[in-house]
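Residues per chain are reported as follows:
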Amino acid sequence: MDLTRLTESIATGRVGHAISRLVPSTAVWEREWDVCCVLDGCRYDLMRETAAAGHELLPGPEGVGSLWSVGSQSAEWMDRTFAPEHRERMARTAYVTGNPFSSQPCDHILVTSDEVLPLSADDFGVLHEAWRDEWVDDDISTIPPAPLTDAAIAVWRARERLGIDRVLVHYMQPHAPFRSQPDWFFGSADIEHWGQFVEADDDDEEFDPESLTAEEREALEAFAEADDDDDSMNDPWLRVREGDLSREAVWAAYRDNLEWVLDDLTRLYENCDGRLALTSDHGNGLGEFGVWSHPPGTPVPAVRRVPWVVREGRDRETCDPALPAGIREGDSAAGDDDGEIESRLEALGYR
């Protein structure tokens, strides 16, 4: 077994669970913030590089600090961030999330417990799963930053009425899929079947291969040639490992996705009085210690060391989004069936 396969084997087993627990980590609750923005899958060095390039939301690279995340994958991060010992803080917090893992039991991920996921609205001041209503299937299948920013602004302004004093916002960028490279993500316009083969139901129309475009046919053939246990089709980091994509091309698309979310976060910065923190749930491995992507239970710095940036926001009232209807109705967790949740996790490369 090569180093990469060995690392993945350790990460997904009980040994990985024990090793991961030995890494010093900092829960976001241990830092001071009013609105904390979790930028899914953001490496520390990517944030420093973007700061050095002069993005208007960021200080210089010297102002980009770091912390060691409590997990190396989103479900693991949620499991530890929202553990029972943090319930008192959570009761005064609004969690606005674009990550579908909020509704998953994740008992197949050995490094998670059975106590946290799926999340319960009863454990938060407000739980708003924005991905349920705001997911899009355009060139890529994801939830863009704008609806999360809108919800965060509206919730923060209504904090006294809602009985909360913090807002934790979980954006899906810079996590793949990348807006600048939609062709890398096969079938992204079809959320039900994105990146996977499914057996047709009796009521489904018969699949007609002649209806495929040349590009779709090429992507389908490439997918069919992959090993049954190879999930690299939807994970650009694994495709770098396999030599299908260049490191430079993936990094450029990754940085563009970070700029996508940072550009929208300037609205939050301009419409929020309070301390605005930017961080991440995990990074992504590019071969460091044999680690690629972000397998759970991984202790390596490329995956576990994440950025920490603090800015003092000021509400200039440049926009006035409405409070999401689900929050007004007290029913933010109503909606999807398990099949659509699975397809949305598939779109993010988790299935």
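1. Quick look at the overall build of the protein
- For the protein, the count of helices and strands is 14 helices and eleven strands.
- Looking at the protein as a whole, 55% of its 351 residues are labelled buried.
- Counting only contacts in the protein whose residues sit at least 6 apart along the sequence, the fraction spanning at least 24 positions is 80%.
- Of the roughly 15600 Å² that the protein leaves accessible, carbon and sulfur atoms contribute 44%.

2. A word on the packing of aromatic side chains
- Across all of its chains, the model carries eleven aromatic pairs by this definition.
- Aromatic pair Phe82 and Tyr95: ring centres 4.8 Å apart, planes at 55°, arrangement tilted. Pair noted here: Phe82 is in the loop between helix 4 (74-81) and helix 5 (87-90) and Tyr95 is in strand 3 (residues 93-97), with a separation of 13 residues, a long-range link. Both residues of the pair, Phe82 and Tyr95, belong to the buried class.

3. Quick word on unusual backbone geometry
- The residue after Gln173, namely Pro174, is reached through a cis peptide bond having omega 10°.
- Examined against the element boundaries, Pro174 turns out to sit in the loop between strand 7 (166-171) and helix 9 (214-225).
- With an omega dihedral of 10°, the bond running from Ala176 to Pro177 counts as a cis peptide bond.
- Locating Pro177 in the fold gives a position in the loop between strand 7 and helix 9.
- You will see that Ser293, though not glycine, has its phi angle at about 65°, which is positive.
- Considering the arrangement of structural elements, one finds Ser293 in strand 10 (residues 292-293).
- The exposure class assigned to Ser293 is buried, which follows from its relative accessible area of 6%.
- You will see that Glu317, though not glycine, has its phi angle at about 55°, which is positive.
- Secondary-structure assignment places Glu317 in the loop between strand 11 (305-313) and helix 13 (325-328).

4. What about the packing of helix 3 (residues 44-52) against helix 11 (residues 247-269)?
- Orientation of helix 3 relative to helix 11, taken along the N-to-C sense of each, is 70°, at an axis distance of 11 Å. As summarised for this structure, helix 3 and helix 11 are arranged roughly perpendicular, according to the angle between their axes. Crossing hand, helix 3 versus helix 11: right-handed. Across the interface between the two elements, Asp45, Leu46, Met47, Glu49 and Thr50 from helix 3 touch Trp251, Tyr254, Arg255, Leu258, Glu259 and Leu262 from helix 11.
- Of the residues belonging to the contact of helix 3 with helix 11, the class tally is six nonpolar, one polar and four charged.

5. What to know about helix 7 (residues 145-157)
- Here helix 7 spans 19 Å end to end across 13 residues, near enough to the 18 Å set by a 1.5 Å rise per residue.
- Within helix 7, ten of the 13 residues are buried, which leaves the element mostly enclosed by the surrounding structure.
- Regarding helix 7, the residues found buried are Pro145, Pro147, Leu148, Thr149, Ala151, Ala152, Ile153, Ala154, Val155 and Trp156.

6. Some words on the nonpolar core
- Core analysis: the biggest nonpolar cluster contains 59 residues, and Leu39, Val167, Leu265, Leu268 and Leu278 have the highest contact counts within it.
- Among the elements of the structure, strand 1 (35-39), helix 3, strand 3, helix 7, strand 7, helix 10 (236-241), helix 11 and strand 8 (274-279) are those that each provide at least two residues to this core.
- The element best represented in this core is helix 11, accounting for ten residues.
- Judged by nonpolar contacts, the second largest core, of 27 residues, contains Val111, Val116, Leu168 and Ala277.

7. Here's the deal with the packing of helix 7 against helix 11
- One way to put it is that helix 7 packs onto helix 11 with a least axis distance of 9 Å and a crossing angle of 20°. One way to sum up the angle between helix 7 and helix 11 is to call them roughly parallel. Helix-helix and strand crossings are classified by hand; for helix 7 and helix 11 the assignment is right-handed. For the pair helix 7 and helix 11, contact is made by Pro145, Ala146, Thr149, Asp150, Ala152 and Ile153 and by Trp260, Val261, Asp264, Arg267 and Leu268, respectively.
- For the contact of helix 7 with helix 11, the per-class residue count stands at seven nonpolar, one polar and three charged.

8. So, the sheet that holds strand 4 (residues 126-129)
- Strand order in this open sheet of seven strands is 2-11-8-1-7-3-4, and the pairing throughout is mixed. At either margin of the open sheet sits one strand with a lone partner, and together these are strand 2 (65-68) and strand 4. Along the sheet, successive strands turn relative to each other by an average axial angle of 20°, direction set aside.
- Across five bridges, strand 8 lies against strand 11 in antiparallel orientation.

9. Regarding the environment of Ser246
- Its location among the elements puts Ser246 in the loop between helix 10 and helix 11.
- According to the relative accessible area criterion, Ser246 is partly exposed, its value standing at 34%.
- The sequence separation of Ser246 and Pro236 amounts to ten residues, and the corresponding C-alpha distance is 9.4 Å.
- Of note is the side chain of Ser246, whose polar atom sits 3.0 Å from the backbone nitrogen of Ala249.

10. Here we look at a negative patch on the surface
- A cluster of acidic side chains, namely Glu85, Asp107, Asp114 and Glu115, defines a negative patch on the protein surface.
- Along the chain, Glu85 falls in the loop between helix 4 and helix 5.

Thresholds applied
- Residues numbered from 1 in each chain as written.
- Predicted model: local features only at pLDDT ≥ 70, side-chain atom pairs only at ≥ 80, totals over all residues.
- Heavy atoms only, no water.
- Helix = DSSP H or I, 4+ residues; strand = E, 2+ residues; numbered from the N terminus.
- Buried < 20%, exposed > 50% of the residue type's maximum accessible area, 1.4 Å probe, protein only.
- Contact = heavy atoms within 4.5 Å.
- Areas by Shrake-Rupley, 256 points an atom, 1.4 Å probe, with all protein chains shown as cover.
- Phe/Tyr/Trp six-rings, centres within 6.5 Å; stacked < 30°, edge-to-face > 60°.
- Axes fitted to C-alpha atoms, helices over the stretch in contact; angles between N-to-C directions.
- Parallel < 35°, antiparallel > 145°, perpendicular 65-115°, else oblique.
- Left-handed = near helix turned anticlockwise from the far one by under 90°.
- Nonpolar A, V, L, I, M, F, W, Y, C, P; charged D, E, K, R; others polar.
- Expected span 1.5 Å × (residues − 1).
- Core = buried A, V, L, I, M, F, W, Y, C linked by side-chain atoms within 4.5 Å.
- Pairing = 2+ DSSP bridges.
- Polar contact = N/O pair within 3.5 Å; in protein donor to acceptor, adjacent residues only side chain to side chain.
- Patch = residues over 30% accessible without salt bridge, like charges linked within 9 Å, V, L, I, M, F, W, Y side chains within 5 Å.
- Salt bridge = Lys/Arg side-chain N within 4 Å of Asp/Glu carboxyl O.
- Lys, Arg positive; Asp, Glu negative; His and termini not counted.
- Charge placed at Lys NZ, Arg CZ, Asp CG, Glu CD.

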